[in-house]
Amino acid sequence: MTPFRLYDSMRRQKVAFEPLVPGKVGMYVCGPTTYAPAHIGHAYSAIAFDTVRKALTFLGWDVTYVRNVTDIDDKIIKRAHETDQDPFAMSAHFAAEYNRDMALFNVSAPTIEPKVTTHIPQVIAIVERLIANGHAYAVDGDVYYEVRKFGPYGKLSGQTLDQLEDGARIEVDHRKRAPADFALWKSAKPGEPSWDSPWGKGRPGWHIECSAMTVTHLGATFDLHAGGKDLIFPHHENEIAQSQGADGEGTFARYWLHNGFLNFAGEKMSKSLGNVFNCDQIAAAVGGEALRMFCVEHHYRSPVDFDVQVVDGVARFFSLESSDRSLSGFYTTLQRIDQFIAPGGDAGDGAVLPEAESLVPAAKAALAEDFNAPEVVAAMHGAARLANKLLDEGKGVDKQVRRRTLARLGRDLRTVGGAIGVLTQDPGAYLRERRERLVKAKKIDVAAVEQKLAERKAARAEKNFQRADEIRRELTAMGVELLDTPTGTDWRIADAD
Ligand SMILES: [Zn+2]
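Rules and cut-offs
Residues numbered from 1 in each chain as written. Predicted model: local features only at pLDDT ≥ 70, side-chain atom pairs only at ≥ 80, totals over all residues. Heavy atoms only, no water. Pairing = 2+ DSSP bridges. Helix = DSSP H or I, 4+ residues; strand = E, 2+ residues; numbered from the N terminus. Axes fitted to C-alpha atoms, helices over the stretch in contact; angles between N-to-C directions. Parallel < 35°, antiparallel > 145°, perpendicular 65-115°, else oblique. Left-handed = near helix turned anticlockwise from the far one by under 90°. Contact = heavy atoms within 4.5 Å. Nonpolar A, V, L, I, M, F, W, Y, C, P; charged D, E, K, R; others polar. Donors = N, O, S within 2.8 Å, 3.2 Å for Na, K, Ca; no water. Tetrahedral: all angles 85-135°; square planar, octahedral: opposite > 155°, others 65-115°. Buried < 20%, exposed > 50% of the residue type's maximum accessible area, 1.4 Å probe, protein only.

(A) Representation of the pairing of strand β17 (residues 488–493) in the model. Bridging between strand β16 (residues 480–485) and β17 involves six bridges; their strand directions are antiparallel. Opposite T485, over in β17, you have G488 as the bridge partner. From the end of β16 to the start of β17, which pair antiparallel, there are two residues.

(B) Up close: the packing of helix α12 (residues 373–392) against helix α13 (residues 399–419). Packing of α12 against α13 leaves a shortest axis separation of 10 Å and a crossing angle of 155 degrees. When the axes of α12 and α13 are compared, the pair comes out roughly antiparallel. In terms of crossing hand, the pair formed by α12 and α13 is left-handed. For the pair α12 and α13, the contacting residues are V376, M380, A383, A384, L386, A387, L390 and L391 in the first and R402, T405, L406, L409, L413, V416 and G417 in the second. Classifying every residue of the contact of α12 with α13 gives 12 nonpolar, two polar and one charged.

(C) Representation of the coordination of the zinc ion in the model. Every protein donor of the zinc ion is accounted for by C30 (SG), C210 (SG), H235 (NE2) and E239 (OE), and the metal-donor separations fall at 2.0 to 2.2 Å. The site at the zinc ion holds four donor atoms, and with the angles between them running 79 to 129 degrees, its shape is irregular. The sequence motif formed by the donor residues of the zinc ion is C-x179-C-x24-H-x3-E. Of the two residues, H235 and E239 are both situated in helix α7 (residues 232–247); the distance of four residues between them amounts to about one turn of the helix. Pair check on accessibility: H235 and E239 agree, each one buried.

(D) Highlighting unusual backbone geometry. Residue P234 follows F233 across a cis peptide bond; omega there is 0 degrees. Checked against the element boundaries, P234 lands in helix α7. Positive phi outside glycine occurs at D84, with the angle close to 55 degrees. One can find D84 in the loop between α2 (74–82) and α3 (87–104). You can call D84 exposed: its relative accessible area is 72%. Unusually for a residue other than glycine, K443 sits at a positive phi of about 50 degrees. Take K443: its relative accessible area is 74%, and that puts it in the exposed class.

Structure (structure tokens):
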């Protein structure tokens, strides 16, 4: 396997990764709280860490990827109550929907997907230990973590406890010994789902579930913990306090990864700003792979500006349209390569042009340096340019070398694309689906296009090339571009807006 470096949010610098077990990476990602449909912010974070997972697999590591589901929580109970639903049925529904949505963006199912409600005994065991060793206290059926008993509190967010208490909006609760103390176990209010515990009926607080699930599925000490930057405080800070409070200093996550936010014209996403877009809405507008492409075109740690505007009552995802054009270019190249190679079948073994040999090593080098997916995309563009040049003109290149080079470029583009979760579709299927999408969006009359194509074919058969060119110009004016392929004339919607 290829060694790699990553930016560790705890050490605040790039460091070389050293595995706990040679060749293996145990990775935990905080997953969704399932009370509403997933939106673009959820998807962006899920794609970022799925890319890390795929990149590590591409680099030869054996990855165990754990992503939890928070299936009981204040928000779930509130939403279920408001909509008169059973909270468990509702969260199961949104959990299934979440996985279906993530598949739109080529996010793979986790190796293990633990749920809070099936880890209650593990939660209780940690809380009991924290009480026994003086890190937590019970009051009237609730249990709180006593933050001042944990010396390193604030290390991940880089703030002292005093600063954190000043900065955070912490509810005044007289049962707590200090304002920053947080709930490990919440006593049940009437009508709420609850479990038996040594402190009476209740349910876990939010943070404790991740401590319970990591120790259950990855052990007390594991390699990588990932999540959105917004989770650093208080969630990840509290996870560390709980797990190290229970298992001792030096346990828990050995490296921390946090991804940057999507910004909407400088604003964060929020329901009140009206810029919360659901996954299915995005997939319908531009196709799911466009969001994946957009994500890997940016470094996972960078804050990214996302351009979306409402035009005539319809959300136009300009950022994603641009990524979709880039995808369309890659798929068109792959389709051309496939059509070029297909007639003779396998291109065979033997030498290829030396410049075609660099894509895979370049991708490995980029991903091994803090998962630099944008550099991989840049290398893919380089390979696609070379392929198109060879397709357009093979001048001065041996016929067999040309065939083998094109076959190699096609294969490596797919391999490297797959390492970051793109170019996984059949080019023909993607291009047809994209054309249908654009035909609908631009209100193009397909029957009229087909009619003109038939006229042009007839004109050409009669060697009336003047008329054939005229029809081509008429189609161009309609926004339709003709593509002459080995199997006849195809058409697509021109990319210029
Ligand atoms: Zn978590």
